[in-house]
Amino acid sequence: MTSPKSARQELDPSTGANTAKAVRTDVAPRRVAGPHRWWDWVLVADPGLGQLQAGWRTLVAMVTSLAVGYSMAQALAIPTMISMMVAGMMGLMSAFAVAGNDWIQLARPILWMPFPYTAVLWFAATLHDDRALEIGLDAAALALTFLLARFGPLALLTGMMLFNGLMVGIIAGIPLAMVGKAFAVALVSAATVLVTRLLLCHPMPREDLLRTQRAFVVEARRLVDITVDALDPDADPNRVERRMNRSLRRLNIVTVTIDARLAQPEAATDPAVAELLHRHLFDAELALRGIAQAVQTLAAQSPPEPLRQALAVGLLLARDTPPVQASGLRPAVEMIREQADVILRDPQADPQTAESAALARRVAELLDSLADSLISWLTLGEQTPSTPTAVPFQSAIALENNRIPGSSEPMRRALTARTRSGWQRAVPFVRAPLHAGVAAAIVCPISDAIDPQRFYWGLVGVMITLFGTNTTHERLRKFGHRMLGTGAGAVIGVLLLHVTGHHVYWTLTVIVLGLSFGAWGMQRAYALWVVGLVAALVQLYGLTTPDSNMNHLLGERLLENGVGILIATACAALIFPLSTRAVVREAEHGYVQAIQKLLIQVSARWEEPESPVRLRGAARAVDVALFQVAEVSRPVVRMPFGVRGRGPHHRMALLNTAAAHARALAAAADVDIDLAPDLSERARFITRTFTDSLRALDHHLVNGTAQGVWRRVSPLVWELLAELRPAAPGPRARRLQTALHELDALDEALSAFAEQCGLPLASDAGWERSQPGARQWHTHASATGRGWPRSPQPAAAPAAHVATSTTTHGAARTDPAAAVPVTGSVCCEAHPGGCRAQITVVNARGQRVAHTYTDAGRYRLSLPPGHHTVVVSAPEHSPRAEPVTVGAPQRHIRLDICL
């Protein structure tokens, strides 16, 4: 086994790849990094296609089970409706409750389902004459389901089949003599569903991983495209900021999902390659975030038009460069760097212009870093480390139903923390069953009084409320989704019922498609599942209910569901209550612990370069903790108690900022440092002090009492930076300085968070003893645009300039008579007769003024007078930029481009 140091140096820093050849692992094959495809937007909306797979799985399972039920009804001479109901339950539950990555994980639960289901059918057949006992057993079965959920997926499936079997047996009134035939129907249906799922829906975790990687590429392109829009001086900055933030959130979710999929043993990814893939994608995401933030800051400064144009063209080239040709980003980097250097070398450049040029050069450096990360990632399929890594990959997250878990983990931790002694240790096991049992005991008599034949609708409301929710906010949000989805599904279902005209086959088609649509939409919004479910149920109701009574029937369903949801919510809030605020505090506690572990690993990395640490993995754990805080802190409704108001938004903003600096710290601090003993001791003292402050904050969050204070390490960081600056420059020195800057920014954000939480800040004047270092840091921050906020600049002159330019450009764009036609062709060696390409034109202000596609290799544009840059992007080619000057006297311009 190699040392961690050798594992960190397995890639040549100049090429991003090891020179030793190894066996191909196909980590990023062509379909991951290939050219743009029209269905790429689906991958971004659904990384790994988990939602589409759920819909397809439901479609296959329901068609199979209903067909088997119909056939078995004919073969066994039993009522068709009963047979299809029994078989359909096998298909529905196998699609929703059974997931696995190999055939054994699928076969065991699917073939087990008929046994508890039909056993309860037999039991229900003996209870037809005792109404009170039926209702009581329904409540007990629901409570048992929640109790069994604590013992694993198979136990939960058993409880669900017991509850469903009891419900179906009571509703359908299956006679005792027919239970044996019902078991045969269920068993044959389950076996057939298993076969069709293995044939048509076979799990492919490795393919899911590759699709998720492709989603990263697509979202990265989208983010870069948004940065080009941000440079448009006429763009709405608020709208661009919202789009950019959404894209950054999606990019983060995709990268976290990739980490979770890498941990699945069925993905069969070599541990060394998995760790390198994790590192390269982490660095790529970090570079993209830096580009987005730098461009957003630069666009607000009204940079010179040549610099703005160079940035826009360079970013378009970066957007359209195929990842497999990531080295093609170098021309874009040089274009931006050269224009920035022209300004930085000008001694007469004003400070604001110089700051814009420094930011542009920062964008160029980040594009260079992005190219290195992409090259290193995409060469993993051909060139892998010659020795196994000493720090194997470990994911910071495990997916739940193909989704990043939200409030469930903080809720479990908060509940466990409150029940650690005596009889309270049983609370985590009995809390949910008590909620379900008490709520069902209250709801069933109310529902029975509303409609004795359909009292189970209230039970359904109880079940859906308590499954998958952990706070009152989540339950009330689910209530809103249920009500809206039921209303919309009822309208759609009634319309479809009139269209199909009660035809049996059309009715079954709508039922299957409705359930499939709901399964697809469940992970996007619960209301979509309810729409599909209710639309399908309306078709089933239409077989037995006259049209004149349909509105009354659907109204009863809505009422009973609502009663069940509200009563279940009340029971959960009153029986062993766990407030939303307590769950939020627990989530914040997990976040602070993740930051603390990151700092401990940073200290270990600097003190002992051979120590087996994973800084990027620790930063990814911070991302997961931040996601959990966001999920539980999101205000859903305004309530007298719980999280609401502007305070949580401020806290989330601080935690978001801290997480960004934690990512940058993890990447920059992963370097071997060689400092003098006194400087090394000061670096260790900084990390120890920071860690002590985090422990004090953690204690305050857990216990609600302050034990210690927050001591800011910024003055110490400034002192250390002042000592390091005279040292000889080099890559390691620059990275160490960057790490210290990020450590300072992380301290700023978390000290503000600690202050909002009520933890006192230290007021020791000795901590402010380094004013010279502070002044030097302020100078550096002003020059680079990082650290402290920049001083406001006079806005009168830039505003006048922008107004004049906008007026001139607006006249050029809106005057068709002034436009000059530009035509030409695009060709390449493979397509001498014409190449399929995308044409984008950027004017001198950095605005996209034209966009078109080639037709048989030819294109036609109309451009206003001025200096423009034509960016040509074609599949399998690096993009190319060509300047063109349009003059008013010209009548036609010909521009042919060969790629």
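Residues numbered from 1 in each chain as written. Predicted model: local features only at pLDDT ≥ 70, side-chain atom pairs only at ≥ 80, totals over all residues. Heavy atoms only, no water.

Turning our eyes to something else, we now look at the environment of Y117. Within the secondary structure layout, Y117 lies in helix 7 (residues 114-125). Excluding residues that lie within four positions of it along the chain, Y117 makes contacts with M85, V86, M89, M90, M161, N164, G165 and V168. (Helix = DSSP H or I, 4+ residues; strand = E, 2+ residues; numbered from the N terminus. Contact = heavy atoms within 4.5 Å.)

A separate point is the packing of helix 4 (residues 50-76) against helix 21 (residues 504-521). Two numbers describe how helix 4 lies on helix 21: the axes approach to 7 Å, and their chain directions differ by 150°. Looking at the two axes, helix 4 sits roughly antiparallel to helix 21. With respect to the hand of their crossing, helix 4 and helix 21 are arranged in right-handed fashion. Taking contact as the criterion, the partners of Q51, L52, A54, G55, T58, L59, M62, V63, L66 and Y70 in helix 4 are, on helix 21, Y505, L508, V512, L513, L515, S516, A519 and W520. Partitioning the contact of helix 4 with helix 21 into residue classes produces 14 nonpolar, 4 polar and no charged. (Axes fitted to C-alpha atoms, helices over the stretch in contact; angles between N-to-C directions. Parallel < 35°, antiparallel > 145°, perpendicular 65-115°, else oblique. Left-handed = near helix turned anticlockwise from the far one by under 90°. Nonpolar A, V, L, I, M, F, W, Y, C, P; charged D, E, K, R; others polar.)

Turning our attention to the side chain of H435. Along the chain, H435 falls in helix 18 (residues 427-450). Exposure remark for H435: the relative accessible area of 2% places this residue in the buried category. (Buried < 20%, exposed > 50% of the residue type's maximum accessible area, 1.4 Å probe, protein only.)

Before going further, it helps to examine unusual backbone geometry. Located in the positive-phi region is A77, a residue other than glycine, with phi close to 60°. By the secondary structure assignment, A77 is in the loop between helix 4 and helix 5 (80-97). A positive phi angle, close to 55°, is found at S302, a residue other than glycine. By the secondary structure assignment, S302 is in the loop between helix 13 (271-299) and helix 14 (305-320).

Attention now moves to a nonpolar patch on the surface. Together, L144, L147, F151, F429, V430, L434, V438, I442, I446, I450 and L559 line one region of the surface with nonpolar side chains, adding up to about 820 Å² of accessible area. Listed by contribution, the elements that provide at least two residues to the nonpolar patch are helix 8 (131-148) and helix 18. Among the elements that line the nonpolar patch, the one with the most residues is helix 18, at 7 residues. Inspection of the secondary structure puts L559 in helix 23 (residues 550-574). (Patch = residues over 30% accessible without salt bridge, like charges linked within 9 Å, V, L, I, M, F, W, Y side chains within 5 Å. Areas by Shrake-Rupley, 256 points an atom, 1.4 Å probe, with all protein chains shown as cover. Salt bridge = Lys/Arg side-chain N within 4 Å of Asp/Glu carboxyl O.)

Our next topic: the pattern of salt bridges. Taken as a whole and judged by the stated rule, the model has 35 salt bridges. One salt bridge in this structure joins R211 and D208, with 2.7 Å as the shortest N-O distance. Here R211 and its partner D208 are both found in helix 11 (residues 205-230), 3 residues apart, which amounts to about one turn of the helix. Given a relative accessible area of 21%, R211 falls into the partly exposed group. Notably, a salt bridge pairs R605 with D670, separated by 2.6 Å at the nearest N-O pair. Of this pair, R605 sits in helix 24 (residues 580-607) while D670 sits in the loop between helix 26 (647-668) and helix 27 (677-703), placing them 65 residues apart in sequence. In this pair, the class of R605 matches that of D670, namely buried.

This part covers the packing of helix 15 (residues 329-344) against helix 16 (residues 351-378). Viewed as axis vectors pointing N to C, helix 15 and helix 16 meet at an angle of 160°, and their least axial separation amounts to 8 Å. Compared by their axis directions, helix 15 and helix 16 come out roughly antiparallel. Every pair of crossing elements has a handedness; the one defined by helix 15 and helix 16 is left-handed. Of the residues that constitute the contact of helix 15 with helix 16, the class distribution is 15 nonpolar, 1 polar and 7 charged.

The nonpolar side chains of a soluble globular protein tend to be buried, and buried together. Judged by nonpolar contacts, the single largest core of 67 residues is most densely connected at Y591, W606, F690, L697, L740 and L750. When residues of this core are traced back to their parent elements, those giving at least two are helix 17 (408-418), helix 24, helix 25 (615-633), helix 26, helix 27, helix 28 (714-724) and helix 29 (731-757). Counting residues per element, this core draws most heavily on helix 24, which supplies 12 residues. When neighbours within four sequence positions are excluded, W606 is seen to be in contact with A669, V671, I673, A683, T687, L736, A739 and L740. (Core = buried A, V, L, I, M, F, W, Y, C linked by side-chain atoms within 4.5 Å.)

Turning our attention to the packing of aromatic side chains. By the definition in use, this model includes 11 aromatic pairs. Here W112 and F115 contribute two aromatic rings whose centre-to-centre distance is 5.9 Å and whose plane-to-plane angle is 20°, an arrangement assigned as stacked. Here F115 falls in the partly exposed class, since its relative accessible area comes to 41%. Pairwise contacts between aromatic rings join F455, Y456, W457 and Y541 into one cluster. Just above the ring of F429 sits the side chain of R150; from NZ or CZ to the centre is 4.7 Å. Against the face of Y526 rests K478, its NZ or CZ located 4.9 Å from the ring centre. (Phe/Tyr/Trp six-rings, centres within 6.5 Å; stacked < 30°, edge-to-face > 60°. Lys NZ or Arg CZ within 6 Å of the ring centre and 35° of its normal.)

To continue, consider the state of the cysteines. Put plainly, a disulfide is one covalent bond tying together the sulfur atoms of two cysteines. Applying the stated criterion across every chain, the model contains 0 disulfides. The thiol of C835 is unpaired, and the distance to the nearest cysteine sulfur, on C828, comes to 3.8 Å. With relative accessibility at 5%, the residue C835 sits in the buried group. (Disulfide = S-S within 2.5 Å.)

In this section: the sheet that holds strand 2 (residues 838-843). Taken together, 4 strands build an open sheet; the order of strands is 3-2-5-6 and the sheet is antiparallel. This sheet does not close on itself; its edge strands, each paired only once, are strand 3 (848-853) and strand 6 (880-886). Taking each pair of neighbouring strands and ignoring which way they run, the sheet shows an average axis angle of 20°. Inspection of the sheet shows strand 5 (residues 866-873) paired to strand 6 by 7 bridges, in the antiparallel sense. Directly across from V872, in strand 6, lies its bridge partner R880. Of the strands in this sheet, strand 2, strand 3, strand 5 and strand 6 touch helix 14, which is tilted by about 165° from strand 2. (Pairing = 2+ DSSP bridges.)

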